[in-house]
Amino acid sequence: MIPFINLKQQYQDYKNEIDKEIQKVLDSCAFIGGEKIANLEKELANYTGSKYAVTCSSGTDALLLSLMALDLQPNDEVITTPFTFIATAEVISFLKAKPVFVDIDEATYNIDSAKIEEKITSKTKAIIPVALYGQPCDMDEVNQIAKKYGLKVIEDAAQSFGAHYKGKKSCNLSDIGCTSFFPSKPLGCYGDGGAIFTNDEELASKLKMIANHGQNERYRHKYIGINGRLDAIQAAVLLVKLQHFEDEVAKRESIAKRYTTNIDKQDIITPFVKNDRSSVFAQYSIRSKDRDKMIKKLNDNGIPTAIHYPMPLHLQECFGYLGYKEGDFPISEMISKEIMSLPMSAFLTKDEQDKIIDTILS
Ligand SMILES: *Cc1c(COP(=O)(O)O)cnc(C)c1O
């Protein structure tokens, strides 16, 4: 079986460095906070060009902490897409605010910026565009709308760390950027992890406090917060992987290019990336009306597949109380029936790529 994401090969390649850095944390017994976290935050900020990076316990918590730092209140509204991972909208509901969905663009699968304005009400507080599969959204348009109505923009960059948009890095394209270091994301750690990016000093310091029980000094709590910290072992892993990350991004891009050039079939739609941005291909996802048949053929030939995502959020049971129904977001619904992801990682060999391409073409 070809690995869907080859984490084993990645570990083998970086094993010496990773083992050494983890051992240093074990020897120091500084498991929470400390030098590794400070170094990682500096490196992450550097990498994205953001002034501040605050590490945290997951991509989900990055989104939650961001909404908490913006003082989101019950009954406030937050605009986002129904074609994303549950976490994007879940955190809005968790704070008793209301997710308001806007359908996606059929070409990029990202929120359709032309449909945002009509959903804004006096209760709208923020917009969460999601850089799906690793491609940033129309951030200029989203930021412009937000500015016009006094809203905040939180980029859900859980899949797009490393991507570019008009010369800037994803995570540094709006008021706040949130990413995830879940193991299968483009930059993954060895457990759960995430980070939040901003250029606003006050916001950065508030985020840092909220992720640590709202403490401004020991046992003095300025805000209601959570335990949302990243731990030092994860930081050690990420510091090593970050050194190799640009190289991995380039490899992912060239594999994606090879897929796209070779999967030249009328009934298969390959990813479309706008020319003023790049994707890190967190997923390489194609569309086919014959998806189920294709999945079976691939799986029978030892090629794993995945579906991101089989059911849009407005049709999920947990969001039933929002009152949406089938037909409300026709593009999201159509894509969820046709989309499927192929194996993708910087460690996918040429032979494996060829086998995947040949099986699809046959
Ligand atoms: C993975 C993901 C998240 C959540 O990240 P975790 O680290 O798993 O909590 C949020 N949004 C999107 C779009 C994701 O893909």
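Look above for the structure.
Residues numbered from 1 in each chain as written. Predicted model: local features only at pLDDT ≥ 70, side-chain atom pairs only at ≥ 80, totals over all residues. Heavy atoms only, no water.

Colleague: What's the story with the sheet that holds strand β12 (residues 268–269) in this structure? I'm lost.
Modeller: Taken in spatial order, the three strands make up an open sheet running β12-β13-β14, and their pairing is antiparallel. Because the sheet does not close on itself, it has two edges, and the strands there are β12 and β14 (339–342). Across two bridges, the pairing between β12 and strand β13 (residues 284–288) is antiparallel. Bridging across to β13, isoleucine 268 finds its partner in serine 288. (Pairing = 2+ DSSP bridges. Helix = DSSP H or I, 4+ residues; strand = E, 2+ residues; numbered from the N terminus.)

Colleague: Help me out: how do you make sense of unusual backbone geometry in this one?
Modeller: Negative phi values dominate among residues other than glycine, just as trans dominates among peptide bonds. Going from histidine 308 to tyrosine 309, the amide bond is cis rather than trans, its omega being 5°. Along the chain, tyrosine 309 falls in the loop between α8 (291–300) and α9 (330–338). Unusually for a residue other than glycine, aspartate 71 sits at a positive phi of about 60°. Mapped onto the secondary structure, aspartate 71 falls in the loop between α3 (59–69) and β2 (77–80). A residue is classified by how much of its surface remains accessible, and aspartate 71, at 46% relative accessible area, is partly exposed. Its identity as a non-glycine residue notwithstanding, tyrosine 219 has a phi of 65°, on the positive side. Structurally, tyrosine 219 can be placed in the loop between β10 (215–217) and β11 (220–221). Residue tyrosine 219 is classed as exposed on the basis of its relative accessible area, which comes to 59%. (Buried < 20%, exposed > 50% of the residue type's maximum accessible area, 1.4 Å probe, protein only.)

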